[in-house]
Protein chains: 2
Amino acid sequence: MRLQKIFAHDVRGDDNRELLTECVRASLRQLRNFKRIELKSHVPNKAYFAFAGEKKISRAVNAALFVSDQKEWDKFCNALANNKLEGLSPESITKTIYSATISFCCFVDLIKDGDQKTPGTFFEYIIGHLFAWRLGVNPTNRLPVLNLDMDTTLPTDFVFNLGKDKPKFHLPIKTSTRERVIQVWAHQRVLDGVYGTGRFLGTPVILAETKTDQRKKEVIEICLPDQWRIYQMHIAQLKRIYYLDVPVSYDKLNAVFPPLYVKPFGQFFFELDSLTA
Amino acid sequence: MRLQKIFAHDVRGDDNRELLTECVRASLRQLRNFKRIELKSHVPNKAYFAFAGEKKISRAVNAALFVSDQKEWDKFCNALANNKLEGLSPESITKTIYSATISFCCFVDLIKDGDQKTPGTFFEYIIGHLFAWRLGVNPTNRLPVLNLDMDTTLPTDFVFNLGKDKPKFHLPIKTSTRERVIQVWAHQRVLDGVYGTGRFLGTPVILAETKTDQRKKEVIEICLPDQWRIYQMHIAQLKRIYYLDVPVSYDKLNAVFPPLYVKPFGQFFFELDSLTA
């Protein structure tokens, strides 16, 4: 609740990171009280487990990405505070952010019924804060539109303005996309149309595309790679699509036409200069 | 359940109309057991009521559009069966279809908890059937995409192919749109891109944009007219947007730039020739 209250005041501020840290710490601690059960994974080369409550299980957790040790998050936050990420690898950053997020989401899954909103909001906070930290500016989510006899504002996902003559970022944040993903391309198209193609770099950040069958204890990834290719060809061009848990069939899009770069989010921290070049 | 089973076999077929009629008849009959309560309408020049169950009330019903007499629906169906709509006005057709749909939706609101899917599916059936009847062809919801080294199919809303050298129709059907409406323009953009601009006429049909406050017994319309104008300018051009209960602030879009024709659905039955001209 405190995070909700202050988050927007200074998205990249240290206060947000402290409150995020409290949430992460509490989630990791609480999850120690729950058993882990292995899920039958239908995702090639990925193992998943879930935390089991009395009546239900949490969403799926990627076993190779999950680090239950609070120290990893603290180490990451220290590096952020000191502006020194060089000692960390993109892989370890991806794991740390994945673990922080998924532990909060799993805890909410276990203690609340059908609450999709709280995990989504938390994910927005954690990614919004980290993105703002990396760019060194705070985001907005309304843009002015001036078009002859039209004078209005356009509500958007987070957008970051790096200043005159520099590219701006368009940052949709979703825990999963499914068929709603077309919105991300459509919003990018609107930004291209209103402000000029290339002015905004579209870099959505998504948690995962897993779907867990509560009864069968199975996990699958729901992906629509052919549709993504069509959207990237015909609606707008996204610069990157970042995942915490990169889906297998989207990873393959890095190798086919049209150019569609799907990467683990940890890489963002090290490739910013090449994005804006 | 029978409707679900047979609907897709022959969308425009008489069997569908008979099953739709059974649903309409049962809904209107059941609703006679519920009291009507007036809602406080924040929509200019429109009065709304709701059907009241023991613990909750139904969605809002536009008093000026609702006809509780089954005979209106039967008369409409007779006209369809005999291919003679001339005796009916666009206004009366809009009212008849609105009443049939909203009575089914209200009945589901009262007997089920949080079920949005059943009303949405029923609305798809009724509009899909009527559109197919008017065009004289059945729809499909997959289109082949052939693009050099890409060979796949694109899932779509209903699309109607009137034959070689004739325009085709793209028919999204929604009980309300809110912020999800951008999907409709985005799908139109994909069709324009893949098959050529103008090949598909986008003609979404929407029930209403009302939102009812259960506790306060108030009704508002949620509309984003400025955003619609931006979408129509920058994503794609929709040919018509049909409503059963046309929202006040979308009606005004008929008079401003860009051209965005928002009409009561009854008019579709009489303007088809000018759409395809």
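Before any of the text, the structure's been laid out above.
These numbers come from a predicted model, not from an experiment. (Residues numbered from 1 in each chain as written. Chains lettered and ligands numbered in written order. Predicted model: local features only at pLDDT ≥ 70, side-chain atom pairs only at ≥ 80, totals over all residues. Heavy atoms only, no water.)

Enquirer: Explain the interface of chain B and chain A residue by residue, including any values.
Expert: With 23 residues of chain B at the interface, the matching set in chain A holds 23 residues. Of the roughly 2200 Å² buried between chain B and chain A on both sides combined, carbon and sulfur atoms contribute 69%. It is Met150, Ile230 and His234 of chain B that lose the most area in chain B upon contact with chain A, and together they represent 25% of the buried surface on that side. One can count 0 salt bridges joining chain B with chain A. Where chain B packs against chain A, one counts 4 residue pairs in polar contact (both at pLDDT 80 or more). Within the residue set of the side of chain B that touches chain A, elements represented by two or more residues are β5 (140–147), β6 (150–161), α6 (182–195) and α7 (225–234) of chain B. The leading source of residues in the side of chain B that touches chain A is α6 of chain B, at 8 residues. Of the residues assigned to the side of chain B that touches chain A, the class counts are 12 nonpolar, 7 polar and 4 charged. (Contact = heavy atoms within 4.5 Å. Buried area = accessible area lost by both parts, 1.4 Å probe. Salt bridge = Lys/Arg side-chain N within 4 Å of Asp/Glu carboxyl O. Polar contact = N/O pair within 3.5 Å; in protein donor to acceptor, adjacent residues only side chain to side chain. Helix = DSSP H or I, 4+ residues; strand = E, 2+ residues; numbered from the N terminus. Nonpolar A, V, L, I, M, F, W, Y, C, P; charged D, E, K, R; others polar.)

Enquirer: Give me the lowdown on the packing of aromatic side chains, citing residues and values where you can.
Expert: Aromatic ring pairs are reported here in terms of the distance separating the ring centres and the angle at which the planes meet. All names here are of chain A. Applying the stated criterion across every chain, the model contains 46 aromatic pairs over all chains. Each ring, one from tryptophan 228 and one from tyrosine 243, has its centre 6.5 Å from the other, and the planes form 15 degrees; the classification is stacked. Separated by 15 residues along the polypeptide, tryptophan 228 in helix α7 (residues 225–234) and tyrosine 243 in strand β13 (residues 241–243) bring together distant segments of the chain. A single burial state applies to tryptophan 228 and to tyrosine 243, both of which are buried. When the centroid spacing of 5.4 Å and the interplanar angle of 70 degrees are considered together, the rings of phenylalanine 265 and phenylalanine 269 count as edge-to-face. In this structure, phenylalanine 265 and phenylalanine 269 share a single accessibility class: buried. Members of the aromatic cluster, connected to one another through ring pairs, are Trp73, Phe76, Phe131, Phe158, Phe160, Phe169, Tyr242, Phe265, Phe268 and Phe269. (Phe/Tyr/Trp six-rings, centres within 6.5 Å; stacked < 30°, edge-to-face > 60°. Buried < 20%, exposed > 50% of the residue type's maximum accessible area, 1.4 Å probe, protein only.)

Enquirer: Lay out the sheet that holds strand β10 (residues 205–206) of chain A in plain terms, naming residues and giving numbers.
Expert: Residues and elements named next belong to chain A. Here we have 4 strands laid out as an open sheet, ordered β8-β10-β13-β14, and parallel in their pairing. Taken across any chain shown, the strands that pair with only one partner, and hence form the sheet edges, are β8 (173–174) and β14 (262–264). As paired strands, β13 and β14 are joined by 3 bridges and run parallel to one another. For tyrosine 243, the partnering residue across the bridge sits in β14 and is proline 264. (Pairing = 2+ DSSP bridges.)

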